[in-house]
Amino acid sequence: MKRNAWAAGLLMMVSGWNAAPADAQPAPREITFGTNWLAQAEHGGYYQALADGTYEKYGLKVTIVPGGPRANNRMLMSVGKLDFYMGGSLIQAFSAVEKDIPTVVVAAHFQKDPQILMSHPGQGLDTFEALKTSNDILLSKDGMATFFQWMKAEYGFKDEQVKPYGFSPAPFMANIRAVQQGYVTSDPLVIEKAAGFEPTVFLLADHGFSTYSTTIETRRDMVETNAELVQRFVDASTIGWYHYLYGDNRPANALIKRDNPEMTDEILAYAVAKMKEYGIVDSGDAQQHGIGAMSDARMKDFFDKMVKAGLFKADLDYRKAYTLRFVNKDVGLELKK
C-alpha cells in the first residue's frame, strides 16, 4: 500500500502542470507569443498574465511580440520563429488546412468575433434585414472576401451594394444611408466622438456569424512534442483573461500603453465594457467550461456556413484546424466569482 501511495504521489507530481502550479518549479521556459495587431484591450488577457505574474507562476517567461501593418506574426509562428500566435477568425485556421500548413488552434479566448456593421439611427436601417436596402455598404477587401460572402449566402446581400472602405469614418458620417464595417470594441466610440451620435450596431456573431476569434495557434509539432508547455500557456492566458475582465487590469493596461502609445484610458475602458456587454470573451460554452472553451459542434456549424458561402470545399478536413485537448477544463471559473 505504501508503494502504491508513493507511486500515486509521483504521478501527481508529474502531471502537476495540469493543476495549479506548485511552489517548486523548474527554470522558466522562454516562449514568444505574436499578436495579430498593435497592443489593445482586445489583447488584455495576455498582457494581464504577463503583468501580474501569472505566466511566471506557470513556469513561463513570455515575450509578447505585437503585430501591426508591417508584421506577419502568423508566418513567423508557422516557420518556428514564434512559439504561439493570436489568430483571428476560424477562416484563417481552415485556410491553413487547405494550404497544408501544419498549424492548429488550441484555444479560443473570444466566443464571439467583435466584427460589426454600423448604420445611422433613424434612417430605416435599424434591423439587420433592413441593411439590405442600403447601396452604400462600406467594406474592406478582406471583409468583402470573408464575412460578406456569408452575408450573401445567408441573408441575400448583393455585391453591387458594396463600396470600398478606406478605414476612414468620413464617408460613413457624410452619408446617412451608409453602412460601415468595424469592431464593437472601438469603432462606435470613434463615430460617437467624431460625429456626435451613437451609431446603430449589429454584431455579426449575434446574427449567425459563429466563428470563434482571438484564438491561440501553434504548430502541430509543438502539440505533439511539448503538450505540457501548450497546456501551461493556454491555462495561464485564460487566467489572465479572468483577471483582466474581473480584476484590477491596470497593470495590463500600462503594458498595452507602453507597446502602443496611441492607446488611452478611455479607449481601453470602452473596449473592456463592450467585451463584457456583448459577451465577446465570457459567454456561451465559456460560462460553463471556462474562457477559451471550444466545441466540435460550433466548429462544424461555422465550417458548414463557410462551405455554403463558397469559401471552402465540403470535403476539406477542417477538424485538422483545431484540438479540444487543452480547453474545456473549467480553468479560472472560480475567479469570476
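Structure: above.
Just so it is clear, the model here is predicted, and its values are computed rather than measured.

Undergrad: Hey, could you run me through the overall build of the protein chain in this one?
TA: Helix and strand content of the protein chain: 16 helices and ten strands. Relative to the globule expectation of 20 Å for 337 residues, the C-alpha radius of gyration of the protein chain, 21 Å, shows essentially globular dimensions. Overall size of the protein chain, expressed as C-alpha extent along the three principal axes, is 75 × 45 × 35 Å. Classification of the 337 residues of the protein chain by burial places 52% in the buried group. Taking all contacts inside the protein chain whose residues are at least 6 apart in sequence as the whole, residues at least 24 apart take part in 82%. Within the structure as shown, the protein chain displays about 15700 Å² of accessible surface, and the carbon and sulfur contribution to it stands at 53%.

Undergrad: Before we go on, may I ask you to explain the sheet that holds strand E6 (residues 137–139) in this structure?
TA: Each strand in a sheet pairs with its neighbour through backbone hydrogen bonds, running either in the same direction (parallel) or in the opposite one (antiparallel). Reading across from one edge, E7-E6-E8-E5-E9 is the order of the five strands in this open sheet, with mixed pairing throughout. In this open sheet, the two edge strands, each paired with only one partner strand, are strand E7 (162–164) and strand E9 (200–203). Neighbour-to-neighbour, the strand axes of this sheet turn through a mean angle of 35 degrees, independent of strand direction. By the bridge criterion, four bridges tie strand E5 (residues 115–119) to E9 in an arrangement that is antiparallel. Note that in E9 the partner of leucine 117 across the bridge is phenylalanine 202. Sheet contacts for helix H7 (residues 147–155): E5, E6, E7 and strand E8 (179–183); angle to E5, the most-contacted strand, approximately 70 degrees.

Undergrad: Honestly, the packing of aromatic side chains in this entry has me stumped. Any pointers?
TA: A ring pair, where both rings are aromatic, is described by two values, the distance of the centres and the angle of the planes. In this structure the tally under the stated criterion is 22 aromatic pairs. Seen in terms of ring centroids, phenylalanine 209 and phenylalanine 302 are 5.3 Å apart; in terms of plane orientation they differ by 80 degrees. Their pairing is edge-to-face. Placement of the pair is phenylalanine 209 in the loop between E9 and strand E10 (213–219) and phenylalanine 302 in helix H15 (residues 296–308), with a sequence separation of 93 residues. Here phenylalanine 209 and phenylalanine 302 have matching classes, each one buried. Counting every residue linked through ring pairs, the aromatic cluster contains Phe94, Phe128, Phe148, Trp150, Tyr155, Phe157, Phe202, Phe209, Phe302, Phe303, Phe312 and Tyr318. For arginine 298, the ring lying beneath its charged end belongs to tyrosine 212, and the centroid distance is 4.2 Å.

Undergrad: What should I look at first to understand the nonpolar core in this one?
TA: Grouped burial of nonpolar side chains is what soluble globular proteins tend to show. Judged by nonpolar contacts, the single largest core of 91 residues is most densely connected at Phe94, Leu117, Phe128, Phe233, Trp241, Tyr244 and Met275. The contact partners of phenylalanine 233, leaving out residues within four places of it in the chain, are Ile31, Phe33, Tyr55, Leu60, Val62, Phe84 and Ile216.

Undergrad: What should I look at first to understand the pattern of salt bridges in this one?
TA: Side chains that differ in charge, positive against negative, can pair when their charged atoms come close. This model, assessed by the stated rule, comprises 17 salt bridges. The residue glutamate 154 makes a salt bridge to lysine 308 at a minimum N-O spacing of 3.7 Å. Of this pair, glutamate 154 sits in helix H7 while lysine 308 sits in helix H15; the two residues are 154 residues apart in sequence, bridging distant segments of the chain. For aspartate 221, the salt bridge goes to arginine 219, with nearest N and O atoms at 3.5 Å. According to the relative accessible area criterion, aspartate 221 is partly exposed, its value standing at 40%. Take arginine 219: its relative accessible area is 11%, and that puts it in the buried class.

Undergrad: Could you clarify how one ought to interpret the pairing of strand E3 (residues 84–87) in this entry?
TA: Within a regular strand, the side chains alternate between the two sheet faces. Burial along E3 is two-sided: the face carrying Phe84 and Met86 and the face carrying Tyr85 and Gly87 are both buried. Direction of pairing for strand E1 (residues 29–34) relative to E3: parallel, over a ladder of two bridges. Note on E3: the bridge partner recorded for glycine 34 is tyrosine 85. The pairing of E3 with E10 spans three bridges and is antiparallel. Looking at E10, one finds that glycine 87 is bridged to threonine 215.

Undergrad: I keep staring at the sheet that holds strand E2 (residues 60–65) and nothing clicks. Help me out?
TA: Taken in spatial order, the five strands line up as E2-E1-E3-E10-E4 in an open sheet, and their pairing is mixed. Each edge of the open sheet carries a strand with a single partner, namely E2 and strand E4 (103–110). Averaged over all pairs of adjacent strands, the angle between their axes in this sheet comes to 25 degrees, without regard to strand direction. Alignment of E1 against E2, held across six bridges, turns out to be parallel. Within the sheet, the bridge partner assigned to arginine 29 lies in E2 and is leucine 60.

What counts as what
Residues numbered from 1 in each chain as written. Predicted model: local features only at pLDDT ≥ 70, side-chain atom pairs only at ≥ 80, totals over all residues. Heavy atoms only, no water. Helix = DSSP H or I, 4+ residues; strand = E, 2+ residues; numbered from the N terminus. Rg over C-alpha atoms; globule rule 2.2 N^0.38 Å. Buried < 20%, exposed > 50% of the residue type's maximum accessible area, 1.4 Å probe, protein only. Contact = heavy atoms within 4.5 Å. Areas by Shrake-Rupley, 256 points an atom, 1.4 Å probe, with all protein chains shown as cover. Pairing = 2+ DSSP bridges. Axes fitted to C-alpha atoms, helices over the stretch in contact; angles between N-to-C directions. Phe/Tyr/Trp six-rings, centres within 6.5 Å; stacked < 30°, edge-to-face > 60°. Lys NZ or Arg CZ within 6 Å of the ring centre and 35° of its normal. Core = buried A, V, L, I, M, F, W, Y, C linked by side-chain atoms within 4.5 Å. Salt bridge = Lys/Arg side-chain N within 4 Å of Asp/Glu carboxyl O.

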